Amino acid sequence: MGRALPGTGHRRPAAPGRSDPRVAAKRVALVTGASSGIGAAISRRIAAEGGWELLVGGRDPGRLREVAAHTSGRALLADLSAPQGAEGLVRDALDAAGHIDLLVAGAGVGWAGPLHTMPATAADEVLAVDLVSVVHLVRLVLPHMLARNRGQLVLVGSVAGTLGVRDEAVYSAAKAAVAVLADALRLELAGTGVRVLHVVPGVVTTPFFERRGTPYTRSWPRPVPAERVADAVWNALLHRREDVFVPGWLRLPGRVHGIAPALYRRLAERFG
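Note that the structure is a prediction, hence the values are computed from the model and not measured.

Asker: Quick question: what am I supposed to make of the packing of aromatic side chains here?
Answerer: The description of an aromatic ring pair uses the distance of the two centres, along with the angle that the planes make with each other. Per the counting criterion, the structure on display carries one aromatic pair. On the numbers, 6.4 Å between centres and 80° between planes, the contact of Trp-52 with Trp-234 is edge-to-face. Of the two residues, Trp-52 is situated in strand 3 (residues 52–58) and Trp-234 in helix 9 (residues 226–238); the sequence distance between them amounts to 182 residues.

Asker: Where do I start with the layout of surface pockets in this structure?
Answerer: One water molecule sets the probe size; rolling that probe over the atoms shows where empty space is left. Space inside the second largest pocket adds up to approximately 510 Å³. As for the second largest pocket, its lining consists of 20 residues, of which Gly-151, Gln-152, Arg-195, Leu-237 and Arg-240 are closest to the centre.

Asker: Please explain the pairing of strand 5 (residues 102–105) as it appears in this structure.
Answerer: Looking along a regular strand, one sees the side chains alternate between the two faces of the sheet. Burial of strand 5 is two-sided: the residues Leu-102 and Val-104 facing one way and the residues Leu-103 and Ala-105 facing the other way are all buried. Across three bridges, strand 2 (residues 27–31) lies against strand 5 in parallel orientation. Across the sheet, the residue bridging to Ala-29 is Leu-102, located in strand 5. Here four bridges tie strand 5 to strand 6 (residues 151–156), and the two strands are oriented parallel to one another.

Asker: How should I be thinking about the pattern of salt bridges in this particular structure?
Answerer: Side chains that carry opposite charge are capable of pairing whenever their charged atoms lie near each other. Enumeration according to the criterion identifies twelve salt bridges in this entry. A salt bridge links Glu-125 to Arg-59, with the nearest nitrogen and oxygen atoms 2.9 Å apart. A residue pair is termed long-range when its members are at least 10 positions apart, and Glu-125 in helix 5 (residues 120–148) and Arg-59 in the loop between strand 3 and helix 3 (61–71) qualify at 66 residues. Overall, the relative accessible area of 30% leaves Glu-125 in the partly exposed class. Put simply, Asp-243 and Arg-186 hold a salt bridge, and the shortest N to O gap is 3.4 Å. Separated by 57 residues along the polypeptide, Asp-243 in strand 10 (residues 243–246) and Arg-186 in helix 7 (residues 169–189) bring together distant segments of the chain. The class of Arg-186 is buried, set by a relative accessible area of 14%. Residues joined in a network through salt bridges with shared partners are Asp-183, Arg-186, Glu-242 and Asp-243.

Asker: Can you help me understand the side chain of Asp-130 in this one?
Answerer: Among the structural elements, Asp-130 can be located in helix 5. Here Asp-130 is buried and forms no salt bridge, its nearest opposite-charge partner Lys-175 lying at an N-O distance of 4.7 Å. One polar contact links the side chain of Asp-130 to the main-chain amide nitrogen of Val-109, over a distance of 2.9 Å. With residues up to four places along the chain from it excluded, the contact list for Asp-130 reads Ala-107, Gly-108, Val-109, Tyr-171, Ala-174, Lys-175 and Val-178.

Asker: Could you clarify how one ought to interpret helix 4 (residues 85–97) in this entry?
Answerer: Two residues of an α-helix separated by three or four positions point the same way, owing to the 3.6 residues in each turn. In this model, helix 4 (13 residues) spans 18 Å end to end at C-alpha, consistent with the 18 Å of a helix rising 1.5 Å per residue. A large share of helix 4 lies buried, amounting to ten of its 13 residues. Those residues of helix 4 that fall on the buried side of the exposure criterion are Gly-85, Ala-86, Gly-88, Leu-89, Val-90, Asp-92, Ala-93, Leu-94, Ala-96 and Ala-97. Two residues or fewer after helix 4 comes Gly-98, characterised by a positive phi angle close to 90°.

Criteria and thresholds
- Residues numbered from 1 in each chain as written.
- Predicted model: local features only at pLDDT ≥ 70, side-chain atom pairs only at ≥ 80, totals over all residues.
- Heavy atoms only, no water.
- Phe/Tyr/Trp six-rings, centres within 6.5 Å; stacked < 30°, edge-to-face > 60°.
- Helix = DSSP H or I, 4+ residues; strand = E, 2+ residues; numbered from the N terminus.
- 1 Å grid on protein atoms, 1.4 Å probe; cavity = no way out; pocket = protein on both sides within 12 Å on 5 of 7 lines; lining within 4 Å.
- Points joined across faces, edges and corners; volume = space filled by probe spheres on them.
- Buried < 20%, exposed > 50% of the residue type's maximum accessible area, 1.4 Å probe, protein only.
- Pairing = 2+ DSSP bridges.
- Salt bridge = Lys/Arg side-chain N within 4 Å of Asp/Glu carboxyl O.
- Lys, Arg positive; Asp, Glu negative; His and termini not counted.
- Polar contact = N/O pair within 3.5 Å; in protein donor to acceptor, adjacent residues only side chain to side chain.
- Contact = heavy atoms within 4.5 Å.
- Expected span 1.5 Å × (residues − 1).

Don't take any of this as a statement about function, it's just geometry.
See the structure below:
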């Protein structure tokens, strides 16, 4: 269940049956996974633009308070691995702000190792946070966006979801599903005012690798800062793009995979 952290700017929602003047007066962004990494960087980028009411969701109270303080946002504590986590977060966000114009589904967890050694609890958590919560967040936010005929969904995927990565089978599968979800949603939402952006980062300098239990040790591709992803997301939103790769050259391996999958597999087996 989502809940507001004390001292982060809570405001009472309008009474039932009464029009809420906030709905017409502001733009509202809800960012999940905002405690650190890409989510925190995107939150800071939105705040830097001004003109937005920012709701930051995460499950680490201390880090979430810091992000909220630095962005003048409101912290909403939520565990998206829990069955009702997405529902509670969206409910609290709507209670706080009345509507949501921009949803950034940035929460993510990983696990590294051969699939046959992966604990069931770890597999469940990866699927719950990286895929199931995204589905439910979008499912719950969309009716409100469609009623207002406007909105933007930002789904944070991964290059692991476009190609598959050794020892990250479940994470790759979850992120691949997010990519297909984005494609399917675009077809469903054609002709509405709701748009979908799929973000495909490569290796990013975040606590992600520490939390998954295995540090990133490869010399290539080199990690990029989370701020670079945040800038790319904002530019993509401004230019109404549907997909953005960070860095941009990550499109190339996917094209090789699509044109010559056998060649790609040989190269991946040799170079990792």
